[in-house]
Amino acid sequence: QTVSFYGIPYCDPETVRNKTGESVSTYDEAHTLLVGKILETVPKNTRNVLISHCFMDGAEESDSERPLSIGGSDRVSYQPCVAFDYVALGHLHAPQYRGEDHIRYSGSLLKYSFSEQHQKKGVTLVELSNSGVVTKYLPLKPLRDMRVLEGDLEALVQQGKTDPNADDYLLVRLTDKHAILDPMAKLREVYPNVLQLEKPGMLGSQEQPVNREKLKRGEFDMFRDFFQQVQGQELSNEQEQALTETIAEVHKEEVNV
C-alpha cells in the first residue's frame, strides 16, 4: 500500500499569513490551517504520515530546546492532526505522545542538557499495516551518559575513584558549606568530564559564628593561611618579611590618598 508523507516546517503566523493570504494570528491557527490544506489534497487508499516541527500544547520541554516564541504563544493543538495515520513531531527532546498514541515526538538521540538526565533516549520503529499502526521503541545507549551528582567534595572524590562510569558528563552540586580551593580541578582528577559545578551549600542563610572571628584577623594572618592552603607549606622567613613590607607599603599609600 502507498504511504504518503507531508512535511510542515516551523512556521510562524506572519509567514503563513503572507504566503497564503489567510487571516491567521496565532501559531495554532497557522498550523491548523496548513494541516487542513494538506488533508484537502490527500489521495484516497493511501496511508498518510504528517511530519511537523512544532510545539504541541501540554508537551514536556527541557532546558536545551531553543524557544520558538515568548510566553508560550507557540503552542499548537493536536486535534487537527488526528486524521493522519501517523504524526512524527520534531523540536522537543523528550520522547512522548501527545493527545493520541499515533501523534509522537521521537525525542533527541542524545541528552543535550542536564534537565534531560532522566530521559530514556532511543528511536521508534513505526510499521503501518492494514490493521493499524504498530510502534516499537528501540533504546539507545550513549558512550557517555549525562548525570547530576550531589554531595560534599571529599565524598564525591572518593566515590569517583571506583565509579565505573567516571567518564560520564557531569553536573556536580557541592554541599560543602566552607570555601574550597579549586574544587573543579580536584573533581576532574577522578571525574574528567565534569562540565558544570554548582555550590548551593555555600549559599545557606545560617550564620557561621567562626566567620566573624576570621574577619577580625589581619591581612598577614589571612594571607599566611591562604599561602599554606595553596602551596601546602608555611611561609619562609624571607617571604614573611617581604609580605610584612608589602602590607606596610599598601597601608602607607592608603593613608596618603
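This text goes with the structure placed above it.
A few points on the structure. Just so it is clear, the structure is predicted and the values come from calculations on it, not from any experiment. (Residues numbered from 1 in each chain as written. Predicted model: local features only at pLDDT ≥ 70, side-chain atom pairs only at ≥ 80, totals over all residues. Heavy atoms only, no water.)

### Let's talk about the sheet that holds strand β5 (residues 86-90)
Logical step 1: Spatially, the five strands line up as an open sheet ordered β1-β2-β5-β7-β6, and their pairing is mixed. At either end of the open sheet lies a strand with only one pairing partner, and these are β1 (3-8) and β6 (96-98). Going from strand to strand, the sheet's axes swing by 30° on average, the running direction of each strand aside.
Logical step 2: Taken together, the three bridges between β5 and strand β7 (residues 100-105) define a ladder with parallel strand orientation. Each bridged residue has a counterpart across the sheet, and for Leu-89 the counterpart in β7 is Tyr-105.
Logical step 3: Running at roughly 155° to β1, helix α2 (residues 27-41) makes contact with β1 and β2 (47-53) of the sheet. (Pairing = 2+ DSSP bridges. Helix = DSSP H or I, 4+ residues; strand = E, 2+ residues; numbered from the N terminus. Axes fitted to C-alpha atoms, helices over the stretch in contact; angles between N-to-C directions. Contact = heavy atoms within 4.5 Å.)

### Observations regarding the side chain of His-93
Logical step 1: You can see His-93 is positioned in the loop between β5 and β6.
Logical step 2: With a relative accessible area of 14%, His-93 lands in the buried category.
Logical step 3: One polar contact links His-93 to Glu-116, side chain to side chain, over a distance of 2.8 Å. (Buried < 20%, exposed > 50% of the residue type's maximum accessible area, 1.4 Å probe, protein only. Polar contact = N/O pair within 3.5 Å; in protein donor to acceptor, adjacent residues only side chain to side chain.)

### Looking at the pairing of strand β8 (residues 122-129)
Logical step 1: The pairing of β8 with strand β9 (residues 132-139) spans eight bridges and is classified as antiparallel. Bridged to Leu-128 within β9 is Val-133.
Logical step 2: A loop of two residues connects β8 with β9, the two strands running antiparallel in sequence.

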